Amino acid sequence: MSEIINIGGLSAAPGQRIHGFVSIGNGEFSLPTTIVRGEKPGKTALITAGIHAGEYVGIQSAVELGRDLKIEKMTGTVIIVKVVAKEEFENRHGSFCRATGENLNRLFPGKKEGTEYEKLAYAVVEELQKVADFYIDLHSGDDYEKLTPYVYYAGKAAPEVMKISRQMAEQVDVPYMVKSEVSSGGSYNYAASCGIPSVLLERGGMGAWETEEVRSMKRDVRSILRFLGIYDGHRSMRKYYPLNVTDVQYQSASYTGLWYPQKKAGDLFTEGEILGYVKDYEDNILETCTSYGDGVILYQTGSLQVIKDGPMVAYGRISYEEDDRKEKIAAYWTKRSDSFLEQRRAELHSPLAGRWLEEIEKYLPQKALSSEEKAQKLTDKKYLNNGKNTEPVIEDESKERKEAVIEIKEKETDNGKLRILDVGCGTGFFTILLAKQGHHVTGTDLTPDMIANSRILAKEEQVSCDFQVMDAEHLSFRDESFDVVISRNLTWTLPEAAQAYKEWTRVLKPGGLLLNFDANYGATNFAETSGLPENHAHNQLGNSLMQECEDIKRQLPISSYLRPAWDVEELGKTGMEQISIDLGLSRRVYKEKDEFYNPTPMFAIAAKKA
């Protein structure tokens, strides 16, 4: 990094924050800008706002980022242009050029000789974008638009540029991301076509801004900068991992009239649903806006009026199949399945096996009575009148007992044992441990290699278990199939852990037990292994595998939840009751700092189904 950079007359040296105006387009445009430079050399990120002058969340976010980014956390340079369409913003002219009615974000790369906005677009490309390695464009809904927060990423560019653009979008805490299908027009689209990975963030709208919306957008920008290696610090709490939205439809009005939407931004709908009406002043329907397919509303007109050929609603199809996190997760654990087999094989014959069994049996319900025991209890002599009548109710006990045995055996096949589901069983440690106690145990895991190794280990231990490849968030078992659902170190790996809790509750019998052993692994850096024994698994795996785990973890919203408080809240929503938490688990189980040692304190959550 050179000692001093100069952009449009605004100069900054390493370790400096400079506020002022950059002069671009031969001095025709003077834009409020902050340059923040770290002491260490690195990449340059360009952030712009106010390309649409009436979109205030982005503008206020840029203003605060220029003030709040910490130089000591910087590596490289961040250039923040707070308002691009400055004249329109300062004169409250909205998001279109007052003189020509042009939309600046449809004119890139612009023209050196053209309209005012064409020249502005050209100057932004030539004098701002070309000094950047990455680009973040901040937007909101316009003064007549309501939207659900989402992010666009470049989809018409070189493969590596598209890949990084999508990864940038994945850092944003919004429910949806949209792959752009154009390479020009928009500022970020064109930047990507020139080799600059780019995204566009959308938050807020209706000509307003809220403090929390600005905070959220600033968090999103910092998350992207952290991913790019430009900004240091802990990840912020996040609620979402953005799902891809495709086949976006932009429906415009055929008439000028009064607009009555039937849905809200962010609502889901099915094909053929009515999304809104355009009416005249006498309440006559001029046009019915009907969906062309299933999808989610990204944004829609929020004002009472719509204009002929102007926007009514924009929506797209949620492409769940493009959420590749589970494929990444399965691929990662496939790489670790053989080492897991060796570790669990040893763990089953270590003191930890007994300690784990002791912890589990604290919670397990008493084993069900056998058919004979139930029949005996059923046909015990009972006395009427609070024990005053000594005549037995049942005169022929042996006959009654035999009939009861037959009836109970028809309904009960467990022969006094519990039916237990071990979700995310890995190579079968819990499954085998509990099967050795005589229970009927089924182990499931998303990774086929884990299941294959579970069967090898069960055969070695001479126990009978059922192992199945299955998604913990979408179990294929019938409702109320198990007495107990148990899991160890799984929920922290799940993209939709709340959905998993719903499924686990569903397959439990009424009164059944859910027992989850996990830890707040989101607060742990798996790539840091210096404090672990040399023979520990994390040291044996190598830095690349541990970093891969860390990268996957950052894409999971649960990594930023406050646990186990979050778990308790979610379990309460599923109808679980008598929820208890034990924070002393690790102290009792991991007494030695050996190859099995877990450096992150684990907790136990036990919950009973109502």
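Please refer to the structure placed before this passage.
All values reported here derive from a predicted model rather than from experimental measurement.

Cut-offs applied
Residues numbered from 1 in each chain as written. Predicted model: local features only at pLDDT ≥ 70, side-chain atom pairs only at ≥ 80, totals over all residues. Heavy atoms only, no water. Helix = DSSP H or I, 4+ residues; strand = E, 2+ residues; numbered from the N terminus. Buried < 20%, exposed > 50% of the residue type's maximum accessible area, 1.4 Å probe, protein only. Contact = heavy atoms within 4.5 Å. Areas by Shrake-Rupley, 256 points an atom, 1.4 Å probe, with all protein chains shown as cover. Disulfide = S-S within 2.5 Å. Pairing = 2+ DSSP bridges. Phe/Tyr/Trp six-rings, centres within 6.5 Å; stacked < 30°, edge-to-face > 60°. Polar contact = N/O pair within 3.5 Å; in protein donor to acceptor, adjacent residues only side chain to side chain. Salt bridge = Lys/Arg side-chain N within 4 Å of Asp/Glu carboxyl O. Axes fitted to C-alpha atoms, helices over the stretch in contact; angles between N-to-C directions. Parallel < 35°, antiparallel > 145°, perpendicular 65-115°, else oblique. Left-handed = near helix turned anticlockwise from the far one by under 90°. Arc of directions from axis to C-beta. 1 Å grid on protein atoms, 1.4 Å probe; cavity = no way out; pocket = protein on both sides within 12 Å on 5 of 7 lines; lining within 4 Å. Points joined across faces, edges and corners; volume = space filled by probe spheres on them. Nonpolar A, V, L, I, M, F, W, Y, C, P; charged D, E, K, R; others polar. Core = buried A, V, L, I, M, F, W, Y, C linked by side-chain atoms within 4.5 Å.

A.B. asks: So what's going on with the overall build of the protein chain? Which residues, and what values?
C.D. replies: Looking only at helices and strands, one finds 17 helices and 26 strands in the protein chain. Within the protein chain, the fraction of its 610 residues that count as buried is 53%. Long-range contacts, defined as pairs at least 24 residues apart, comprise 73% of the intrachain contacts of the protein chain with a sequence gap of at least 6. If you sum the accessible surface of the protein chain, you get close to 27600 Å²; carbon and sulfur atoms cover 48% of it.

A.B. asks: Describe the state of the cysteines, with residues and values.
C.D. replies: Throughout the structure, instances matching the rule amount to zero disulfides. Distance from the sulfur of Cys425, which forms no disulfide, to the nearest cysteine sulfur (Cys465) is 9.1 Å.

A.B. asks: Give me the sheet that holds strand 16 (residues 285-290): which residues, what numbers.
C.D. replies: In a beta sheet, neighbouring strands are held together by backbone hydrogen bonds and run either parallel or antiparallel to one another. With antiparallel pairing, four strands are arranged side by side in an open sheet as 16-15-13-18. What marks the edges here is a single partner per strand, and that holds for strand 16 and strand 18 (305-306). As paired strands, strand 13 (residues 257-261) and strand 15 (residues 274-279) are joined by four bridges and run antiparallel to one another. From the neighbouring strand, Leu258 faces strand 15, where its bridge partner is Lys279.

A.B. asks: So what's going on with the packing of aromatic side chains? Residues and values would help.
C.D. replies: Throughout the structure, instances matching the rule amount to 18 aromatic pairs. Centroid distance Tyr501 to Trp504: 5.5 Å. Interplanar angle 85 degrees. Geometry classified as edge-to-face. Taken together, the residues Tyr501 and Trp504, both in helix 13 (residues 497-507) and three residues apart, mark about one turn of the helix. Trp504 carries the same exposure label as Tyr501, and that label is buried.

A.B. asks: Give a description of the side chain of Arg203 that names residues and reports values.
C.D. replies: Inspection of the secondary structure assignment puts Arg203 in the loop between strand 11 (198-202) and helix 6 (211-227). Accessibility expressed as a relative area gives 10% for Arg203, which makes it buried. A distance of 3.0 Å separates a polar atom in the side chain of Arg203 from a polar atom in the side chain of Asp220. In this structure, Arg203 is in contact with Val57, His139, Ser140, Gly141, Leu147, Pro149, Asp173, Val174, Glu213, Ser216, Met217 and Asp220, ignoring residues within four places of it in sequence.

A.B. asks: So, the pairing of strand 12 (residues 243-252): which residues are in play, and what are the values?
C.D. replies: Relative to strand 12, strand 10 (residues 176-179) runs parallel, the two sharing three bridges. Across the sheet, residue Met177 finds its bridge partner in strand 12, namely Asn244. With six bridges joining them, strand 12 and strand 19 (residues 311-318) adopt antiparallel strand pairing. Bridging from a neighbouring strand, Gln251 pairs with Val313 of strand 19.

A.B. asks: Describe the pattern of salt bridges, with residues and values.
C.D. replies: Across all of its chains, the model carries 37 salt bridges by this definition. The shortest N-O distance in the salt bridge between Asp582 and Arg588 comes to 2.5 Å. Overall, Asp582 belongs to the buried group, its relative accessible area being 17%. Via salt bridges that share partners, Glu64, Arg67, Asp68 and Lys218 belong to a single interconnected network.

A.B. asks: Mind laying out the packing of helix 1 (residues 56-68) against helix 6, listing which residues take part and the relevant values?
C.D. replies: Across the interface, helix 1 lies against helix 6 with an axial gap of 9 Å and an inter-helix angle of 60 degrees. One element, helix 1, and the other, helix 6, form an angle in the oblique class. The crossing of helix 1 and helix 6 is right-handed. Residue-level inspection shows Val57, Gly58, Gln60, Ser61, Glu64, Leu65, Arg67 and Asp68 of helix 1 in contact with helix 6, the latter providing Glu213, Val214, Met217, Lys218 and Val221.

A.B. asks: I'd like to hear about the side chain of Lys218, residue by residue, with values.
C.D. replies: With respect to the secondary-structure elements, Lys218 resides in helix 6. Assessed through its relative accessible area of 9%, Lys218 is described here as buried. In contact with Lys218, other than residues within four places in its own chain, are Ser61, Glu64, Leu65, Arg67 and Asp68.

A.B. asks: Which residues make up helix 16 (residues 565-574), and what are the values?
C.D. replies: Within helix 16 the residues assigned to the buried category are Trp566, Asp567, Glu570 and Leu571. The arc that holds every buried residue of helix 16, seen down its axis, measures 125 degrees, which confines them to one face. Looking at the packing, one finds that the buried side of helix 16 touches helix 13, strand 24 (508-519), strand 25 (576-582) and strand 26 (602-609). Remark: Gly575 follows helix 16 within two positions and exhibits a positive phi of approximately 100 degrees.

A.B. asks: How would you explain empty space enclosed by the protein if you had to name every residue and give the values?
C.D. replies: Unoccupied space between atoms shows up once a probe the size of one water molecule is rolled over them. Tallied over the entire structure, the rule returns one cavity of 30 Å³ or more. Taken as a whole, the largest cavity encloses approximately 60 Å³ of empty space. Ile329, Tyr332, Trp333, Trp492, Thr493, Cys549, Ile552, Lys553 and Leu556 are the residues that line the largest cavity. For the lining of the largest cavity, the secondary-structure elements that each account for two or more residues are helix 7 (325-347) and helix 15 (543-553). Considering only residue class, the lining of the largest cavity consists of seven nonpolar, one polar and one charged.

A.B. asks: Report on the nonpolar core, specifying residues and quantitative values.
C.D. replies: Core analysis: the largest hydrophobic core is formed by 73 residues, its most contacted members being Trp356, Ile486, Trp504 and Phe517. Membership of the second largest hydrophobic core comes to 45 residues, among which are Ala121, Leu128, Ala132 and Tyr299.

A.B. asks: Go over the packing of helix 7 against helix 12 (residues 448-461), please, and point to the residues and values.
C.D. replies: Close contact between helix 7 and helix 12 brings their axes to 9 Å; oriented N to C, the two are set at 15 degrees. One element, helix 7, and the other, helix 12, form an angle in the roughly parallel class. The hand of the helix 7/helix 12 crossing is right-handed. Side by side, helix 7 and helix 12 meet where Trp333, Thr334, Arg336, Ser337, Asp338, Phe340, Leu341, Arg344 and Arg345 of the first sit next to Asp449, Met450, Asn453, Ile456, Leu457 and Glu460 of the second. Per-class residue counts for the contact of helix 7 with helix 12 are six nonpolar, three polar and six charged.

A.B. asks: Just give me the short version of the environment of Glu127, but keep the residues and values in it.
C.D. replies: Take Glu127: it is sitting in helix 3 (residues 116-127). On the basis of relative accessible area, Glu127 is assigned to the partly exposed category, the value being 30%. At a separation of 2.8 Å, a polar atom in the side chain of Glu127 contacts the main-chain amide nitrogen of Gly25.

A.B. asks: How would you summarise unusual backbone geometry if you had to cite specific residues and measurements?
C.D. replies: Across the junction of Phe108 and Pro109, the peptide omega takes the value 20 degrees, indicating a cis bond. Position of Pro109 among the secondary structure elements: in the loop between helix 2 (86-90) and helix 3. Residue Glu480 is not a glycine yet carries a positive backbone phi of 55 degrees. Here Glu480 is to be found in the loop between strand 22 (466-469) and strand 23 (482-488). Residue classification places Glu480 among the partly exposed positions, given a relative accessible area of 43%. With phi around 50 degrees, Gln578 is a residue other than glycine that occupies positive phi space. By the element assignment, Gln578 lies in strand 25.

Any link to function would need more than the numbers given here.
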